[in-house]
Amino acid sequence: MAEPILRMRHVSKRFDMTQALDDVSLDLYPGEIHGLVGENGAGKSTLIKIMTGIYRPDHGEMLLDGQPVQVQNSQQAQAHGIAAIYQEPMVFPDLNVAENIFISHQDRGPVVRWGKMCRDAKAILAKLDVSLDVRQQARGLTLAAQQTVEIAKAISLDVRVLIMDEPTASLSAHEVTRLFKLVRSLRDQGVSILFIGHRLEEVLRISDRVTVLRDGEKISSHLREEVTVEQVIRDMVGRDVSDFFSKEDIERGELLMSVRGLGKENAFQGITFDVYRGEVLGFAGLIGSRRTDVGLALFGIDPADSGEIILEGTRRRIRSPEEALKLGVAYATEDRRKLGLNLSMSMASNITLPMLAEYLNPLGLIRRRAEISTAEEFRKRLSIRTPSLTAEVEKLSGGNQQKVMLCKWLNSDPKLLILDEPTRGIDVGAKAEVHQTISDLAARGLAVILISSDLPEVLAMSDRILVMREGRQMGVFEHADATEEGVMTAAMGQYTTAQEVAP
């Protein structure tokens, strides 16, 4: 095998009390796709940021072509042929494709040669076997096309090491297939690719070698053919895959909410179900089934315009989140970063925000001691890993951010908790912890509505499953009767043996 292009040697990095990386070594070879996996908080992002000059290591060194280098910023990383592509493409929406491809070039001179730039952009895209209008504005591109522009930008900078951080998280299966074709094409041209992902089946599908980090340490590194999904998960979390999806079987409590014929114009119609204390009611369906719209209606963000909601025997109209919280209904959004959390605020401030009035003294000032006490209680209860209770939430891993958002709504002492995609974008270890939390909440008598696109998750965690398709309810499955085939058949609009099959 050829010598590595890039070597990380005995790299360590600490933030306050958190050891983000501890003596990690990694080799990236030309013409190889190297998969990097680990739980949220394992150290993947820190390692990437050291490679791209955002962070500097406390110890260790970085070697390029066998020679030690110090990368102080992203411009120096680019000069060395190191580029990174992230889950959310960083394109300028008001610039066209060609402009975005060459935006990072420092040598373009005082006058832009538009014709040459467009020709060069077309040549790079042709090299990738991609057809895009180089004069089209980026805001009109799909997410997959934006990622293609990012890859083309890296090629324009003569990339030698391409870091891809969660590039498939928001792509469809077809778009993932096309992306993998591009990635393999780059590999065949001699580019070294570091591929980070949470979808293990995709990482193993695309990678030639797989390295696992856990708690800032390198646990294993193997050729793809030497490992299985089960082994990778075991290395990531330190236990077997059989330990996951461990919802307890508990006796269902009394009826909490009945929904009858709930509808919202141009969204959903005829939604009818009951949910009981101590029960997890799963909502399954394909993209466009409008499951989230039902959750938004129940929480009063986008109220229903027909049907009825009966809560604890009394008919209610929920017209705002404030009314929902007073009635004991809480909703954790699917987009924690944009809608669920204030990332610049601390963990303590985020948790107490919905109930802020309860933390004010007579002068209207926040009682910080009470706020910290509540946050500490939840930190212990959900095992949240954070440098401190006052650290900004954006500094936490995705799994720990998800837990903070759960705490935010649990602090309102709800009777019904609606969880929308609660494990999206978090690793298998954090996912198992969220599942255990859901199970514990149900055991304490909380009613939970679980909206998820992860069918194995819905099947494993739900006592009953309501299936939707294009705003219509297709059926309700009991846990014992639910199978992947049956649920998917209902989600695609075919006849099922579920209860309450839609006419």
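The written sequence of each chain sets the order in which its residues are numbered from 1. Given that this is a predicted model, residues contribute local features only at a pLDDT of at least 70 and side-chain atom pairs are listed and counted only at 80 or more, while totals for whole chains, interfaces and linings are drawn from all residues. Neither water nor hydrogens contribute to the side-chain values; these are computed over all heavy atoms in the structure.

Caption draft 1: Layout of the overall build of the protein. Helix and strand content of the protein: 17 helices and 20 strands. For the radius of gyration, the atom set is restricted to C-alpha positions; the globular benchmark scales as 2.2 Å times the number of residues to the power 0.38. Against the 2.2 N^0.38 benchmark of 23 Å for 503 residues, the protein shows a C-alpha radius of gyration of 25 Å, consistent with a compact globule. The principal-axis extents of the C-alpha atoms in the protein amount to approximately 70 × 50 × 50 Å. For the protein, buried positions account for 53% of its 503 residues. The long-range share in the protein, meaning contacts at least 24 apart out of those at least 6 apart in sequence, stands at 66%. For the area figures, the Shrake-Rupley method with a 1.4 Å probe applies, and any residue is considered shielded solely by the protein chains shown. Summed over its atoms, the accessible surface of the protein is roughly 23100 Å², and 48% of this surface lies on carbon and sulfur atoms. Charge convention: Lys and Arg are scored as positive, Asp and Glu as negative, and His as well as the terminal groups of each chain are ignored. The location of each charge is read from NZ of Lys, CZ of Arg, CG of Asp or CD of Glu. Positive and negative side-chain charges of the protein, numbering 61 and 71 respectively, have mean locations separated by a distance of 5 Å. Secondary structure is summarised from DSSP: a helix means a run of H or I of at least four residues, a strand means a run of E of at least two, and numbering begins at the N terminus for each. Classification of residues uses two cut-offs on accessible area relative to the type maximum, computed with a 1.4 Å probe and protein chains only: under 20% is buried, over 50% is exposed, and between them is partly exposed. For this analysis, residues touch if any pair of their heavy atoms sits within 4.5 Å.

Caption draft 2: Just the nonpolar core, in detail. Remark: nonpolar core denotes a set of buried residues (Ala, Val, Leu, Ile, Met, Phe, Trp, Tyr, Cys) joined through side-chain atoms within 4.5 Å. Counting 64 residues, the largest nonpolar core has Met257, Phe273, Phe283, Leu298, Leu416 and Leu417 as its most contacted members. Considering each element in turn, this core owes the most residues, six residues, to helix α14 (residues 398-410). In this view, Leu417 contacts Ala330, Leu406, Trp409, Leu410, Leu441, Leu446, Ala447, Val448 and Ile449; residues no more than four positions away in its chain are not counted. Formed by 49 residues, the second largest nonpolar core is a distinct cluster that contains Ile85, Met164, Leu179 and Ile193.

Caption draft 3: A look at the domain arrangement of the protein. All domain edges in this entry derive from an automatic or database-based domain assignment. The domain architecture assigned to the protein consists of domain 1 (6-237) and domain 2 (253-343 + 398-501). On the domain 2 side, the residues contacting the seven residues of domain 1 number eight residues. The contact between domain 1 and domain 2 buries some 550 Å² in all, and 58% of this surface belongs to carbon and sulfur atoms. Should a side-chain nitrogen of Lys or Arg be within 4 Å of a carboxyl oxygen of Asp or Glu, the pair is scored as a salt bridge. At the surface where domain 1 touches domain 2, the tally comes to zero salt bridges. Throughout this description, a polar contact denotes any pair of N or O atoms lying within 3.5 Å of each other; where both atoms belong to protein, one of them has to be capable of donating a hydrogen while the other can accept it, and for residues adjacent in sequence the pair is counted only when both atoms sit in side chains. Linking domain 1 to domain 2 there are zero residue pairs in polar contact (both at pLDDT 80 or more). When residues in the side of domain 1 that touches domain 2 are grouped by element, the largest group, three residues, is from helix α8 (residues 229-237). Residues belonging to the side of domain 1 that touches domain 2 are distributed by class as follows: three nonpolar, three polar and one charged. The buried area of a pairing is the accessible area, by a 1.4 Å probe, that goes missing from both parts when the two are put together, added over both. Under the grouping applied here, Gly and all other residues not named as nonpolar or charged are polar, the nonpolar ones being Ala, Val, Leu, Ile, Met, Phe, Trp, Tyr, Cys and Pro and the charged ones Asp, Glu, Lys and Arg.

Caption draft 4: Spatial organisation of the packing of aromatic side chains. The pairing test for Phe, Tyr and Trp rings, Trp by its six-membered ring, is centres within 6.5 Å, and the orientation test on the planes gives stacked under 30 degrees, edge-to-face over 60, and tilted for anything in between. Summed over the entire model, instances satisfying the criterion amount to five aromatic pairs. Look at Phe273 and Phe283: their rings are 5.5 Å apart centre to centre, the planes differ by 90°, and that puts the pair in the edge-to-face class. Highlighted residues: Phe273 in strand β12 (residues 268-276) and Phe283 in strand β13 (residues 280-285), separated in sequence by ten residues. On the basis of relative accessibility, which here comes to 1%, the residue Phe283 falls in the buried class. The rings of Phe299, Tyr331 and Trp409 are connected pair by pair, giving a single aromatic cluster. In this arrangement the basic side chain of Arg252 is found over the ring face of Tyr276, its NZ or CZ atom lying 3.9 Å from the centre. For a lysine, the NZ atom is tested; for an arginine, the CZ atom; a charge sits over a ring if that atom is within 6 Å of the ring centre and within 35 degrees of the ring normal.

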